[in-house]
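# Breakdown of the fold
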Amino acid sequence: MQKILHKSVLICLLTVLLVVMAIFPALAKKTTEQKIDETEKAIEQLQEKTQKAKEELDAAKSRQSAVGAKLDELNTQLKNVQQAIENVEGQITRKNDQIAKTRDELNEMEAVRAQRYDAMKARIRFMYEHSDSSMLDSFLGSRSMSEFLNRVEYFSQVVAYDREQLTEYRELLSGLEEKQQQLDGEKDELLALQKQQQEQMEQLTVLVADTREKLKHAGAQKAEAQDALYDLEAQLKEQEDYQNVLEAQLAYEEQLEAQKAAEDRARMEEIRRQEEELRLLREEEARRRAEEEEQRRLEEEERKRQEEEQAKAEESGETVTEPDPGSSTESSYETSQPASAQELEILACIIQCEAEGEPYIGKLAVGSVVLNRVASPSFPNTIMGVIYQDGQFSPVASGRMAARVAAGANSECRQAAQEVLNGNITVPYLYFRRDNGTIDGYVIAHHVFY
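Since we're looking at a predicted model, the values are computed, not measured.

Cut-off values and rules
- Residues numbered from 1 in each chain as written.
- Predicted model: local features only at pLDDT ≥ 70, side-chain atom pairs only at ≥ 80, totals over all residues.
- Heavy atoms only, no water.
- Helix = DSSP H or I, 4+ residues; strand = E, 2+ residues; numbered from the N terminus.
- Contact = heavy atoms within 4.5 Å.
- Pairing = 2+ DSSP bridges.
- Axes fitted to C-alpha atoms, helices over the stretch in contact; angles between N-to-C directions.
- Buried < 20%, exposed > 50% of the residue type's maximum accessible area, 1.4 Å probe, protein only.
- Arc of directions from axis to C-beta.
- Parallel < 35°, antiparallel > 145°, perpendicular 65-115°, else oblique.
- Left-handed = near helix turned anticlockwise from the far one by under 90°.
- Nonpolar A, V, L, I, M, F, W, Y, C, P; charged D, E, K, R; others polar.
- pLDDT = per-residue confidence, 0-100.
- Expected span 1.5 Å × (residues − 1).
- Patch = residues over 30% accessible without salt bridge, like charges linked within 9 Å, V, L, I, M, F, W, Y side chains within 5 Å.
- Areas by Shrake-Rupley, 256 points an atom, 1.4 Å probe, with all protein chains shown as cover.
- Salt bridge = Lys/Arg side-chain N within 4 Å of Asp/Glu carboxyl O.
- Lys, Arg positive; Asp, Glu negative; His and termini not counted.
- Charge placed at Lys NZ, Arg CZ, Asp CG, Glu CD.
- Core = buried A, V, L, I, M, F, W, Y, C linked by side-chain atoms within 4.5 Å.
- Disulfide = S-S within 2.5 Å.

### A look at the overall build of the protein
Per the secondary structure count, the protein includes eight helices and three strands. Walking the protein from its N terminus toward its C terminus, one meets helices and strands in the order α-α-α-α-α-α-α-α-β-β-β. For the protein, the share of sequence-separated contacts (at least 6 apart) that also reach a separation of at least 24 residues comes to 80%.

Here's what the structure looks like:
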């Protein structure tokens, strides 16, 4: 009887194992696909931020270019104004030279005027001193008419010359004075232009300094935008690399799932064969039980007959020895040792890998399946042995379990693991799978347990 029960339990365990091996990859696939979806959303967000950062960088470059062009323009204007000031200064220098030259000419004219004036005074004095009779005597003393006319002509020329020289002097003096006034006016205009250009140069100097500060600020903004873009591009690459890893994990887990499906079909054939064997054993057990029942009935009748004979013998003074009823054996129950902190963490990690997106009752059910396996003779008798049994958990094979152990389980999965270890076994099953409507069992959220 005990052998048949063990055989029946073994077949049930094998059946459950077949189902759960198909379930675990589905759960892993669900979790990995969720992470891929989350990563794709993160990549989309980073791409949008990266595009915005590129636009901001382009805008910063445009601002820097515009300010740089403005600075170049101002520097050109400043250079032109500086050149204009230098030109005006040259003109002022030349104008001063012209004024000095004109002043020298005026001084020379003044000297000539003085000489001519002295000559005129001398002639006038001579004419006055000799009076008109002397001049008349001079004219009348001519020996001939020709000489007389020559003398008259001479005096006329002297008078005309003096008049001409006086007129020429006055005109020259007037022209030099006008030229002096014109040069002074032109110098005043140049000085005013120089002052205006100097004021313009001061304004341009202030604008150049301000524009340089703006250019420096634009360069800082460009550097910040460039750094932000580099940081976003690094984050984007990290997320893309992570997505590639997740996709590789998902592909590997799908490969494992297909491999396990083939193994499950082989196990199912073995289970059918064992179920048939179990049916025959149960029929044999039922026949044996019927025979035992018949034997016990005969023994009970014999016991009653012996009791009646003993009672009669006691009445007649005879004694009857009671038969030795024998001893019966009872089944033993072996309690498990308390789980260690490492086993608690490992159990919490496999719960998170397989049921991270499930409700808390689903996490308890996954933990219960693991402990049910520990208690089953068809699986290793430790949590570590069950979780790391070859070909049982896809997260272990794909590397997600190792990553989760390195990062640590979250508080909810750790709480579920502790509750299961404290004895809250919520389901009696050894297997679970993604619920696709093809398996009969106990459904919790997205999983079916059986």
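### Focus: the sheet that holds strand β1 (residues 432–434)
Pairing between the strands of a sheet comes from backbone hydrogen bonds, and it takes one of two forms, parallel or antiparallel. Pairing is antiparallel across the open sheet formed by three strands, whose spatial order is β1-β3-β2. Of all strands in the sheet, those bounded by a partner on one side alone are β1 and β2 (442–444). If you compare each strand with its neighbour and ignore which way they point, the axes differ by 30 degrees on average. With three bridges connecting them, β1 and strand β3 (residues 447–449) associate as antiparallel partners. Considered in β3, the bridge of R433 is made with V448.

### Brief notes about helix α7 (residues 400–407)
Where α7 is concerned, the buried positions are R400, M401 and R404. With its buried residues spanning 100 degrees around the axis, α7 presents them on a single face. With respect to the buried face of α7, the exposed residues turned more than 90 degrees away are A402 and A406. Directly beyond the C-terminal end of α7, a positive phi value near 90 degrees is found at G408.

### Quick notes on the packing of helix α3 (residues 341–355) against helix α4 (residues 360–375)
The geometry of a pair of packed helices is captured by two quantities: the angle between their axes and the separation between those axes. Contact geometry of α3 with α4 gives a least axis separation of 9 Å together with a crossing angle of 125 degrees. When the axes of α3 and α4 are compared, the pair comes out oblique. The interaxial crossing formed by α3 with α4 has right-handed handedness. Residue-level inspection shows L347, I350, I351, E354 and A355 of α3 in contact with α4, the latter providing G362, K363, V366, G367 and V370. When grouped by side-chain class, the residues that make up the contact of α3 with α4 number six nonpolar, two polar and two charged.

### Quick notes on the confidence of the model for the protein
Across the protein, pLDDT averages 78, with 78% of residues at or above 70. Per-element confidence in the protein ranges from a low mean pLDDT of 73 for helix α1 (residues 2–140) to a high of 96 for helix α8 (residues 411–421). Segment residues 1–7 is flagged for pLDDT under 50; beyond a separation of four residues in sequence, or across chains, it makes ten contacts in the model. Contacts from residues 318–336, a stretch scored under 50 in pLDDT, to residues over four places away or in other chains number five contacts.

### Looking at α4
The terminal C-alpha atoms of α4 lie 23 Å apart, and with 16 residues this matches the ideal 22 Å at 1.5 Å per residue to within 8%. Among the 16 residues that make up α4, 13 are buried, leaving the element largely enclosed by the rest of the structure.

### Re a negative patch on the surface
Side chains of D37, E38, E40, E44, E48, E247 and E356 sit close together on the surface and give a patch of like negative charge. The element that contributes the greatest number of residues to the negative patch is α1, accounting for five residues.

### Topic: the pattern of salt bridges
One side chain can pair with another of opposite charge once the charged atoms of both are near each other. Counting across every chain of the model gives twelve salt bridges. Between E307 and R303 there is a salt bridge, with the nearest N and O atoms lying 2.2 Å from each other. Here R303 and E307 lie together in helix α2 (residues 145–315), a separation of four residues that amounts to about one turn. The exposure class of R303 is partly exposed, given its relative accessible area of 35%. Two residues, R414 and E345, come together in a salt bridge whose shortest N-O distance is 3.1 Å. With R414 in helix α8 and E345 in helix α3, this pair connects stretches of sequence that are 69 residues apart. According to the relative accessible area criterion, R414 is partly exposed, its value standing at 29%. Classification of E345 as partly exposed rests on a relative accessible area of 21%. Connected through shared salt-bridge partners, E294, R297 and E301 make up one network.

### What about the nonpolar core?
Inside soluble globular proteins, nonpolar side chains tend to come together where they are buried. Among the nonpolar cores identified, the biggest contains 35 residues, and L347, I350, I351, V370, I387, M401 and F449 are the most heavily contacted of them. Take this core: its biggest share by element is nine residues, from α3. Leaving out residues up to four positions away in the same chain, M401 has contacts with I346, C349, I350, C353, I387, Y388, P395 and V396.

### What about unusual backbone geometry?
A negative phi angle is the norm for most residues apart from glycine, just as the trans form is the norm for most peptide bonds. Of note, A445 is a non-glycine position whose phi angle comes to about 55 degrees, a positive value. Within the secondary structure, A445 sits in the loop between β2 and β3.

### As for the packing of α4 against α8
Relative orientation of the contacting elements α4 and α8 amounts to 50 degrees, with a least axis distance of 9 Å. Taken as axis vectors, α4 and α8 run oblique relative to one another. With respect to the hand of their crossing, α4 and α8 are arranged in right-handed fashion. Only E412, C413, Q415, A416, E419, V420 and L421 of α8 make contact with α4, whose side of the interface consists of Y360, K363, L364, G367, S368 and L371. Across the contact of α4 with α8, the residue classes break down as seven nonpolar, three polar and three charged.

### Focus on the state of the cysteines
Within the structure shown, the criterion is met by zero disulfides. The structure places no disulfide on C349, whose sulfur is separated from the nearest cysteine sulfur, that of C353, by 6.6 Å. Given a relative accessible area of 0%, C349 falls into the buried group. Taking the relative accessible area as the measure of exposure, C353 reaches 4% and is therefore buried.

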